[in-house]
Amino acid sequence: MSHTIPGEARTESGNIPMHAMNNQVLAHVQAWIEQGKAVALVTVVRNWGSAPRPLGSLFAATDAGDFIGSVSGGCVEDDLLRQFSQAFPQTFAIVRYGVYAEDVRRFGLPCGGTLELFVERVTDLHSVKAARAAMAGGQLLERHINLLTGEVSTCTGSQDFFVRYDKNEVVQLFGPRWRLLIIGAGAVSEYLASMAPALDFSVYLNDPREAQRNNWRAPGVQWLDGMPDDAVIGFRPDCRTVIVTLSHDPKVDDMALMEALKTDAFYVGAIGSIASTRARRERLLTLDVSEHEVDKLHAPVGLPIHSRAPAEIAIAILAELIAARNTQCVPQGVVCQTETQNQAQTLPHARTQAQTQTQTQTQTQTPTPTPTHQPIHNVG
């Protein structure tokens, strides 16, 4: 039996539809540049405390007043648009929004949140197209902006960061950072495959049953050929891989699980009732799967939200994946260990008495920055 790897997967309907906001932002950036408009791209490159958007989030605007994306709850974007209307960016710039009470009231930042934004006048259409192509193909791509020379370049990406930033360079990462392999082509799988791309998953599907495959209707997944065990082996699961079996057929699901549970997959789940889960556990223990490996199985899959309809079950599965991902997995390289950041570990804002004592101890070791809204200033 042949092993199929993701690069060889058959795509039923062309490119993967990545619905994440950054993909939409880049699509508009490309269109605006092609229309002859000046475009500014804003990236969250550092944040502290309860920042409203994660690192790497994008916001784009044109000199004609068009805009898309989000780096805050909305008020920071309004302030950026106001500044752009007065003087549209011509090169690179840095702007910080801090945590003083007036900033909280004006910009709607959560208590303790501070944003550092990289503002870029985008003129390099090639790198934008390359990033969009990578996302459409389920690949990762790094976009490097040299702050000393202004040169923009791209290369194959790594999964272990969202954005990197120092005095010399900003590196953005585009593409799905997580892979979801679904075993079994049914109604729940269709909803799961449709929703998952918005949560940073590239979606793959395996089902050796010809009837199920012929009746698949959801677009945008990559099919893996072969039997489920071969598909899992060829998929080469890693710590950012999720494998979920949804066929309801033990002959199909168990073949995938007996290999998936031996891998480094971040999450392995199986649909079924509590009774069928007990029976599945007993079967797996007879299939050269150790008790320790069986204990890694999430079953019945999904959060217990009393779901019944296929869409509800898909939501329950995604909810459990989000909970597991947000509480158990902290990607390396997310935090930029630079001198500026090391000096910004504690920010002056209202805290409880215990927090204030901790802050005082920290201040004796490292200087504390003055976090506040700063006007855009050029760095290149």
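Up top you'll find the structure we're talking about.
Thresholds applied
Residues numbered from 1 in each chain as written. Predicted model: local features only at pLDDT ≥ 70, side-chain atom pairs only at ≥ 80, totals over all residues. Heavy atoms only, no water. Pairing = 2+ DSSP bridges. Helix = DSSP H or I, 4+ residues; strand = E, 2+ residues; numbered from the N terminus. Axes fitted to C-alpha atoms, helices over the stretch in contact; angles between N-to-C directions. Left-handed = near helix turned anticlockwise from the far one by under 90°. Contact = heavy atoms within 4.5 Å. Nonpolar A, V, L, I, M, F, W, Y, C, P; charged D, E, K, R; others polar. Phe/Tyr/Trp six-rings, centres within 6.5 Å; stacked < 30°, edge-to-face > 60°. Buried < 20%, exposed > 50% of the residue type's maximum accessible area, 1.4 Å probe, protein only. Patch = residues over 30% accessible without salt bridge, like charges linked within 9 Å, V, L, I, M, F, W, Y side chains within 5 Å. Areas by Shrake-Rupley, 256 points an atom, 1.4 Å probe, with all protein chains shown as cover. Salt bridge = Lys/Arg side-chain N within 4 Å of Asp/Glu carboxyl O. Core = buried A, V, L, I, M, F, W, Y, C linked by side-chain atoms within 4.5 Å.

### Some words on the sheet that holds strand 9 (residues 163–165)
Okay, step 1: Sheet architecture is open: four strands sit in the order 8-7-10-9, paired in antiparallel fashion. Looking at which strands have only one partner, the edges of the open sheet turn out to be strand 8 (152–156) and strand 9. Averaged over neighbouring strand pairs, the angle between their axes works out to 15 degrees when direction is ignored.
Okay, step 2: With five bridges connecting them, strand 7 (residues 141–146) and strand 8 associate as antiparallel partners.

### Some details on the packing of helix 1 (residues 21–34) against helix 4 (residues 125–136)
Relative placement of two packed helices is described by the angle separating their axes and the distance separating the axes.
Okay, step 1: Relative orientation of the contacting elements helix 1 and helix 4 amounts to 145 degrees, with a least axis distance of 10 Å. Crossing handedness for the pair helix 1 and helix 4: left-handed. Residues Asn22, Asn23, Leu26, Ala27, Val29, Gln30, Ile33 and Glu34 of helix 1 touch helix 4, and the partners they reach there are Leu125, Val128, Lys129, Ala131, Arg132 and Met135.
Okay, step 2: The residue inventory of the contact of helix 1 with helix 4, partitioned by class, reads eight nonpolar, three polar and three charged.

### Describing the packing of aromatic side chains
Ring pairs (aromatic) are described by centroid distance and by the angle formed between their planes.
Okay, step 1: All chains considered together, the criterion is met by seven aromatic pairs.
Okay, step 2: An angle of 40 degrees between the planes, with centres 6.2 Å apart, marks the rings of phenylalanine 59 and phenylalanine 67 as tilted.
Okay, step 3: For phenylalanine 59, a relative accessible area of 0% puts it in the buried group.
Okay, step 4: Seen in terms of ring centroids, tyrosine 204 and phenylalanine 235 are 4.9 Å apart; in terms of plane orientation they differ by 70 degrees. Their pairing is edge-to-face. Here tyrosine 204 is found in strand 12 (residues 201–206), whereas its partner phenylalanine 235 is found in helix 7 (residues 228–235), with 31 residues between them in sequence.

### Notes on a nonpolar patch on the surface
Okay, step 1: Residues Leu303, Ile305 and Ile315 make up a contiguous nonpolar surface patch of roughly 240 Å² in combined accessible area.
Okay, step 2: One can find isoleucine 315 in helix 11 (residues 310–328).
Okay, step 3: Owing to a relative accessible area of 44%, isoleucine 315 belongs among the partly exposed residues under this scheme.

### Overview of the nonpolar core
Okay, step 1: The biggest cluster of nonpolar side chains holds 28 residues, and the ones touching the most others in it are Leu180 and Leu246.
Okay, step 2: Those elements that provide at least two residues to this core are strand 11 (178–183), helix 5 (187–195), strand 12, strand 14 (241–245) and helix 11.
Okay, step 3: With six residues, helix 11 is the single largest residue contributor to this core.
Okay, step 4: When residues no more than four places from it in sequence are discounted, the contact partners of leucine 180 are Leu192, Ala196, Phe201, Ser202, Val203, Tyr204, Val242 and Val244.
Okay, step 5: Within the second largest apolar cluster, 27 residues are counted, among which are Ala38, Phe59, Val76 and Leu80.

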